[in-house]
Amino acid sequence: MLGKHLENQRELTLCRFELTIVTAAMVQKYQSPVRVYKHPFELIMAAYERRFPTCPLIPMFVASDTVNEYKSEDEAIHVIERRCKLDIDAPRLLKKIAGVDYVYFVQKNSLNRRERTLHIEAYNETFSNRVIINEHCCYTVHPDNEDWTCFEQSASLDIKSFFGFESTVEKIAMKQYTSNIKKGKEIIEYYLKQLEEEGITFVPRWTPPVACKLESSTSHTRRPVSPAINIPDSATKEGLNNKENLNTSSSPSEPTAGTPDDKLDADYIKRYLGDLTPMQESCLIRLRQWLQETHKGKIPKDEHILRFLRARDFNIDKAREILCQSLTWRKQHQVDYILDTWNPPQVLQDYYAGGWHHHDKDGRPLYVLRLGQMDTKGLVRALGEEALLRYVLSINEEGLRRCEENTKVFGRPISSWTCLVDLEGLNMRHLWRPGVKALLRIIEVVEANYPETLGRLLILRAPRVFPVLWTLVSPFIDDNTRKKFLIYAGNDYQGPGGLLDYIDKEIIPDFLGGECMCEVPEGGLVPKSLYRTAEELENEDIKLWTETIYQSASVFKGAPHEVLIQIVDASSVITWDFDVCKGDIVFNIFHSKRAPQPPKKDSLGAHSITSPGGNNVQLIDKVWQLGRDYSMVESPLICKEGESVQGSHVTRWPGFYILQWKFHSMPACATTNLPRVDDVLASLQVSSHKCKVMYYTEVIGSEDFRGSMTSLESSHSGFSQLSAATTSSSQSHSSSMISR
């Protein structure tokens, strides 16, 4: 009984093991591009037949035996079936476990001399119950040139189980197969040369026997060839039957390379997309084929599909997912037409310090960005994130167009551009928190929709503040993209390994010590008169983002505007940035252990007012007493009309914090108790005792606030360089330092 029980347990374990293997099994597929031989079909067939019974150029191909053969009476049809013996390059231990030294395949060749086609089907005989390998190849006449021959190949590998070595067997099989694919054309060329050395440069086409009647010569129909299992052959049919896919010359005396129309031509891939491995070619063709069959919108160009594949290491499923998301995004926001339908606002043309400037030594388009000379806050405030993002998208679309042009000009694939960023003038004002947040969101959109477009990033004259910006930005940049960054401090770019290694001396911009005049705008401060209100920014026609950074609020005499922030972890950092658009206000920050009641629209308690100029929300109940129900954690800050204020507060306790903007009443003169003349004149400019602010707040977690606090404190104290009217929250600054 015990022995039977153990036997049942062993069988149960084996069944579970086999089930696990079958569940984990994955079908690997391969689809080749169309490879063109600029030789007639009959000559290619003569070269192909020399591969049998064995081929010295394929060491693993030990021998082959003919097991079945059929020829039609007129010799137009020739079907031959061979059993091929292969010596797989596998570890000796694996062969010993498998109990075999050689692997056998069955190959069936169906030659139709009348139609000038050869179809090849192959499948594995060894371990066919554990591993399923199917291959289908075909030689056909070029649809546009009858003296050229096309070759296509597809295959699938499905490992059901293999003694627990499924992954190892898959790697060995893929390695062997891709190696043989690379040799395929080389082998045919080798035997073509051998034929030429023997004086054979022409093989006549098949013609019907003279004695046969027309009916008998046409009675032999083409033998049906069943497609290989698990292999879609629509790409094969497309490549052979659709002339738009093979737009080569009709004359053999004009051996042109592939053009962008012949998408499946191997010559086109090499000329316009670069040297790809066989499996990379297969991934490109299969993903493109899937898009043609399922995607209803505009099919992206091959080089763009290839970028998404590279971004996901040629994992088709992952690349397909992000590509589909990007195509939906492009369609939703009409990005394909942005260069033709959208004109950048004049503010961008005048103050955005970036532009295209010739190309680098590799032929990549060169984009120059003088970030240190750019007023990031001014651009965001004058344009909003929508217009700024749209401008960055137009730059990327222009980059794609320039890559295509340079590919034609330089005669080699160019799929990315080089960006040169000059940080001369960069300081803490560029680390203004809302501006950095807008930058991070732009990076996120670009990374998702323009992968593998940045070939190299040259960062020049990086100041000491740069590491702070890099700490904030780098987590949002893909690892592959980050490897392309080259950073130079001071004048290091002028030395060995510097700019001259990547850009020709003749086109180095003048502001970097070169002789080439660079037409990139110099940037500068955006006048505050060009700033737009939150309402204006929210009324954009097309939204690329679903939220805006700034909110607007109205402040009335006796009705302050208040914002509630709940803090769970002590030592979190509350940051704020606001502009006083109208009137004078007093800014306060309070703490309470209990949450205020929700805003009510009545005259007894807290209330909320909505006006055309912005919201007004009051949270502190009138029955609350300062010092009992809530406490002041920062000294009041008086802010004048037109001032910009940035600050931060490191929280000491969890609970509820209230940011308050309150109407500033005119102080009386100390000796006469009468208002001053200047204050009276200023009060006349404030209609109906109403003030207006535009504000932005953010909470930074205690676990990662230190790196960001450096930028916030410095930005808030140094941002005054932008405008003489800019004010620092010195009280908040000192409080933050004490709290730390």
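Everything numeric in this text was worked out from a predicted model, so none of it was measured. (Residues numbered from 1 in each chain as written. Predicted model: local features only at pLDDT ≥ 70, side-chain atom pairs only at ≥ 80, totals over all residues. Heavy atoms only, no water.)

A.B. asks: I'd like to hear about the sheet that holds strand E13 (residues 485-489), residue by residue, with values.
C.D. replies: Pairing within the open sheet is mixed, and its five strands lie in the order E9-E10-E11-E12-E13. Pairing within the sheet leaves two strands with one partner each, and these edge strands are strand E9 (354-359) and E13. Within this sheet the neighbouring strands show an average axis-to-axis angle of 20°, counted without direction. Strand contacts of helix H13 (residues 376-410): E9, strand E10 (365-369) and strand E11 (417-422), with the helix running at about 5° to E9, the strand carrying the most contacts. (Pairing = 2+ DSSP bridges. Helix = DSSP H or I, 4+ residues; strand = E, 2+ residues; numbered from the N terminus. Axes fitted to C-alpha atoms, helices over the stretch in contact; angles between N-to-C directions. Contact = heavy atoms within 4.5 Å.)

A.B. asks: Give me the lowdown on the pairing of strand E24 (residues 690-700), citing residues and values where you can.
C.D. replies: Extensive coverage of E24 is indicated by the burial of eight of its eleven residues. Summarising the sheet, strand E14 (residues 551-556) and E24 pair through six bridges and their orientation is antiparallel. Across the sheet, valine 555 pairs through a bridge with cysteine 691, a residue of E24. In this sheet, E24 lies alongside strand E16 (residues 573-582) in antiparallel orientation, the contact comprising nine bridges. When the bridges of E24 are listed, threonine 575 appears paired with glutamate 698. (Buried < 20%, exposed > 50% of the residue type's maximum accessible area, 1.4 Å probe, protein only.)

A.B. asks: Describe in detail the packing of helix H9 (residues 302-311) against helix H10 (residues 316-332), supporting the description with residues and values.
C.D. replies: Between H9 and H10, the shortest axis-to-axis distance is 8 Å and the interhelical angle comes to 125°. Of the possible angle classes, the one that applies to H9 and H10 is oblique. Both H9 and H10 take part in a crossing whose hand is right-handed. The residues of H10 that touch H9, namely those facing Ile305, Phe308 and Leu309, are Ile316, Ala319, Ile322, Leu323 and Ser326. Looking at the contact of H9 with H10, its residues break down into seven nonpolar, one polar and no charged. (Parallel < 35°, antiparallel > 145°, perpendicular 65-115°, else oblique. Left-handed = near helix turned anticlockwise from the far one by under 90°. Nonpolar A, V, L, I, M, F, W, Y, C, P; charged D, E, K, R; others polar.)

A.B. asks: Give me the lowdown on the pattern of salt bridges, citing residues and values where you can.
C.D. replies: All told, the structure shown has 31 salt bridges when counted by the stated rule. Glutamate 281 serves as the salt-bridge partner of arginine 35, at 2.8 Å between the closest nitrogen and oxygen. You can see arginine 35 sitting in strand E2 (residues 35-37) and its partner glutamate 281 sitting in helix H8 (residues 278-294), a full 246 residues away along the chain. For the residue pair arginine 35 and glutamate 281, the accessibility class agrees, reading buried in each case. Of the charged contacts in the structure, one is a salt bridge between aspartate 584 and lysine 640, with a shortest N-O distance of 3.8 Å. Here the residue aspartate 584 occupies a position in the loop between E16 and strand E17 (585-592), and lysine 640 occupies one in the loop between strand E21 (637-639) and strand E22 (644-650), the gap between them amounting to 56 residues. Residue classification places aspartate 584 among the buried positions, given a relative accessible area of 14%. When salt bridges with common partners are traced through the structure, they connect Asp360, Asp362, Arg364 and Arg456 into a single cluster. (Salt bridge = Lys/Arg side-chain N within 4 Å of Asp/Glu carboxyl O.)

A.B. asks: Before we move on, can you summarise unusual backbone geometry with the specific residues and values?
C.D. replies: Cis peptide bonds are those with omega within 30 degrees of zero, and the linkage from phenylalanine 52 to proline 53 qualifies with 5°. Although it is not a glycine, phenylalanine 314 sits at a positive phi angle of roughly 60°. Assignment of secondary structure puts phenylalanine 314 in the loop between H9 and H10. On the accessibility criterion, phenylalanine 314 (16% relative accessible area) is buried. One non-glycine residue, glutamine 334, lies in positive phi territory at about 55°. By relative accessible area, glutamine 334 is classed as partly exposed at 41%.

A.B. asks: Could you give an account of the environment of aspartate 569, naming the residues involved and the relevant values?
C.D. replies: For aspartate 569, the location among the structural elements is in the loop between strand E15 (561-567) and E16. Separated by 86 residues in the primary sequence, aspartate 569 and glycine 655 have C-alpha atoms spaced 8.7 Å apart.

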